[in-house]
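Remarks on the overall topology
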Amino acid sequence: MPSPSEQQARPEMAPGPDFDTIVIGAGISGLYQLHRLREIGQKVRVFEAGTGVGGTWYWNRYPGCRFDSESYSYGYSFSQEVLDEWEWTEHFAAQPETERYLNYVTDKFDLRRDIQFRSRVKAATWDADRQAWDVALEDGSRHSSRYLVSAVGPLSAPTLPRIPGVDDFQGEAYHTGLWPKHAVSFVGKRVAVIGTGATGVQAITEIAKTAAHLTVFQRRPNWCTPLHNRPITKAEMAEIRTGYPALFERCRETAACFLHTTDPRGTFEVSLEERQAFWELLYSSPGFAIWLGNFRDVLIDRAANALFSAFVADKIRRRVTDPRVAELLIPKDHGFGTRRVPQESGYYEVYNQPNVELISILDSPIERFTRTGLRTTEREFAFDLIVFATGFDAITGSLDRIDIRGAGGQRLKERWRGGLETFMGVMVDGFPNLFMVMGPHTALGNIPRSIEYNVEWIRDLLAYLERHRLRVADARRHAVETWTAFVKKKGEGLLANEVDSWMTGVNQNVEGKNVRIIARYSGTAPEYREWCDRVAAGGYRDLELA
């Protein structure tokens, strides 16, 4: 037995981390990661900034918010009970239904007990001595974990326009990505909507129904196409339920995990009559069929893209009665599908209403916001309510807002300032035990299908570490370089990478994000999964394990 002096001299053992894994965010990714990590016996804590689950579908509750993926292809696929019990009511569900669905899943699997709400993560620092992450919340509390999983999503950091006086306006003002839970009425009000991306298109269509007057401020128009949503009958839901296995297998096979896949024909390989008939069929088809089910060369061949863009432009001219307004709504700086394609339900017809006005801020820039509204270079506007549909600091923004420091104190934001690099969009060398669900350079598309794969890959890696009594995993430098080069290679020839958009890392409302980068993986989802599967099957040799 050691003497009292020997006991006193022995250094105290550092306490183990509070949790096996901390997950940031309780959206679709975070909920599923929690469920899967519990299965392998982990002690997990999810920190969520909001007061409820749902992520995107918790924060984005603006009028008109809904899926542009088919509802039944968007929901989780892992639970037969969920598939048997949940009844989708529309082919493209609205936000309230989706939020209810995610709460249903949360309660069914008793996930809420491991989620801490009103808990925004401020910083995360790798402690090499303890081989753990130290996580600080905005309330000043600190927590530690062996592993850290970011489930913050690619579109969760709202941005406001960088225009003077944005805080001066004394009326109601809301960002679509931070929409309040209380009801917002537009009846009898003078309303401004700034932004005409996918969110703006949805919101504008709804707000125009009741506002006394709606003024839309548009910087650059987008190519919008009909959603063709409709209710799902009981008989249809029964048929969908029977077809779930084939449906999810279809999603696994397609390039972007949607039900739609590229037509193998080229635009100029068919006759003019065949081409026109096919495009008319696509325009009358629901969802992203028109974007993802088009001829194989529409997104890579300038002539093919120009021809289809002219087809859609003609549709816009037919739907908008004022020729001047129609021309303002037709993009002139990019071709169809080279930026995200908003899906709409009567959007263009809104501009035929006498209570709606369209202002091009390319022609008449906003100089500043005022106490009563805003002022452009041409006139002053008074409003009761302003809606900011100005989007997000996409792809990296939600990670940039957390002070993440890896080995040697290097900041993730600074690391990426010199060029975006990842390993399969899941890891970054020098940031041990940090894993990203839907991080930069991962397969996007119909996001829940990719989420499930990412989550399960991370779970399998952590189970492997446990089985082999390992505690640390870090991407090797050569693996990061090889994957990043592959991502850049897959982006070659895409017309989308020649256009300023959030998909190429450009956001005029964010300082330093005015140069195009390869911000996303543009290969197919099957190719992505094949690469990740190969890494796992090879015993994770692309990782430094200790």
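Quick caveat: nothing in here was measured; it's all calculated off a predicted structure. (Residues numbered from 1 in each chain as written. Predicted model: local features only at pLDDT ≥ 70, side-chain atom pairs only at ≥ 80, totals over all residues. Heavy atoms only, no water.)

**Brief notes about helix α17 (residues 447-467)**
Spacing of three or four residues puts side chains on the same side of an α-helix, whose turn is 3.6 residues. The end-to-end C-alpha separation of α17 is 30 Å, in line with the 30 Å expected for 21 residues at 1.5 Å each. By the criterion of burial, α17 is predominantly enclosed, with 16 of the 21 residues buried. (Helix = DSSP H or I, 4+ residues; strand = E, 2+ residues; numbered from the N terminus. Expected span 1.5 Å × (residues − 1). Buried < 20%, exposed > 50% of the residue type's maximum accessible area, 1.4 Å probe, protein only.)

**Considering the pattern of salt bridges**
What the rule picks out here adds up to 48 salt bridges. Measuring nitrogen to oxygen at the nearest pair gives 3.6 Å for the salt bridge that ties Glu 327 to Lys 332. Note on Glu 327: relative accessible area 31%, which makes it partly exposed. For Lys 332, a relative accessible area of 60% puts it in the exposed group. Of the charged contacts, one joins Arg 415 and Glu 421 as a salt bridge, the two residues approaching to 3.4 Å between their closest N and O atoms. Considered together, Arg 415 and Glu 421 belong to a single accessibility category, that of buried residues. Each member of the salt-bridge network shares a partner with another, and the members are Arg 36, Glu 39, Glu 456, Arg 459 and Asp 460. (Salt bridge = Lys/Arg side-chain N within 4 Å of Asp/Glu carboxyl O.)

**Let's talk about the packing of aromatic side chains**
By the definition in use, this model includes 45 aromatic pairs. Between Phe 217 and Phe 383, the aromatic rings sit 6.0 Å apart at their centres with planes inclined by 85 degrees, giving edge-to-face as the arrangement. Here Phe 217, found in strand β9 (residues 213-218), pairs with Phe 383, found in the loop between β15 (380-382) and β16 (385-388); they are 166 residues apart in sequence, far enough to count as distant. Phe 383 carries the same exposure label as Phe 217, and that label is buried. Both rings, one in Tyr 283 and one in Phe 311, keep their centres 6.2 Å apart while their planes meet at 85 degrees; by these two values the pair is edge-to-face. (Phe/Tyr/Trp six-rings, centres within 6.5 Å; stacked < 30°, edge-to-face > 60°.)

**Brief notes about helix α7 (residues 198-207)**
With 8 of 10 residues buried, α7 lies mostly within the body of the structure. Burial in α7 covers these residues: Thr 199, Gly 200, Val 201, Gln 202, Ala 203, Ile 204, Thr 205 and Ile 207. In this fold, the buried residues of α7 make contact with β8 (190-194), β9, β11 (343-344), α14 (347-350) and β16. (Contact = heavy atoms within 4.5 Å.)

**Describing the side chain of Thr 215**
Structurally, Thr 215 is set in strand β9. A polar contact of 3.5 Å, which involves the side chain of Thr 215, links it to the side chain of His 213. Setting aside anything within four residues of it in sequence, one finds Thr 215 in contact with Val 191, Ala 192, Val 193, Glu 357, Ile 359, Phe 381 and Phe 383. (Polar contact = N/O pair within 3.5 Å; in protein donor to acceptor, adjacent residues only side chain to side chain.)

**Looking at the sheet that holds β8**
Spatial strand order, β7-β16-β8-β9-β12: 5 strands in an open sheet with parallel pairing. Two strands lie at the open edges of the sheet, namely β7 (172-175) and β12 (356-360), each paired on one side alone. Put simply, the sheet's adjacent strands are angled 15 degrees from each other on average, direction ignored. Here β9 runs beside β12; their pairing, made up of 5 bridges, is parallel. In the strand pairing of β12, Gln 218 is matched with Ser 360. (Pairing = 2+ DSSP bridges. Axes fitted to C-alpha atoms, helices over the stretch in contact; angles between N-to-C directions.)

**Remarks on the environment of Ala 211**
If you trace the backbone, Ala 211 turns up in the loop between α7 and β9. Placed 24 residues apart in sequence, Ala 211 and Val 187 show a C-alpha to C-alpha distance of 5.0 Å.

**Topic: the sheet that holds β15**
Working definition: the strands of a sheet are paired by backbone hydrogen bonds and lie parallel or antiparallel to each other. Pairing within the open sheet is antiparallel, and its 3 strands lie in the order β13-β14-β15. Looking at which strands have only one partner, the edges of the open sheet turn out to be β13 (366-369) and β15. Strand-to-strand twist of the sheet, defined as the mean angle between neighbouring strand axes without regard to direction, takes the value 20 degrees. Of the pairings in the sheet, the one linking strand β14 (residues 373-376) to β15 comprises 3 bridges and is antiparallel in character. Within the sheet, the bridge partner assigned to Gly 373 lies in β15 and is Ala 382.

**Some thoughts on the nonpolar core**
Membership of the largest hydrophobic core comes to 152 residues, with the highest contact counts inside it found for Trp 88, Phe 423, Met 424, Phe 435 and Trp 457. Residue contributions to this core peak at 9 residues, all from α17. Those residues in contact with Trp 88 that lie beyond four places of it in its chain are Phe 67, Ser 71, Tyr 72, Gly 75, Ala 93, Glu 97, Tyr 101, Ile 232, Met 237 and Tyr 244. Of all hydrophobic cores here, the second largest spans 14 residues; its members include Phe 169, Phe 217, Ile 359 and Leu 374. (Core = buried A, V, L, I, M, F, W, Y, C linked by side-chain atoms within 4.5 Å.)

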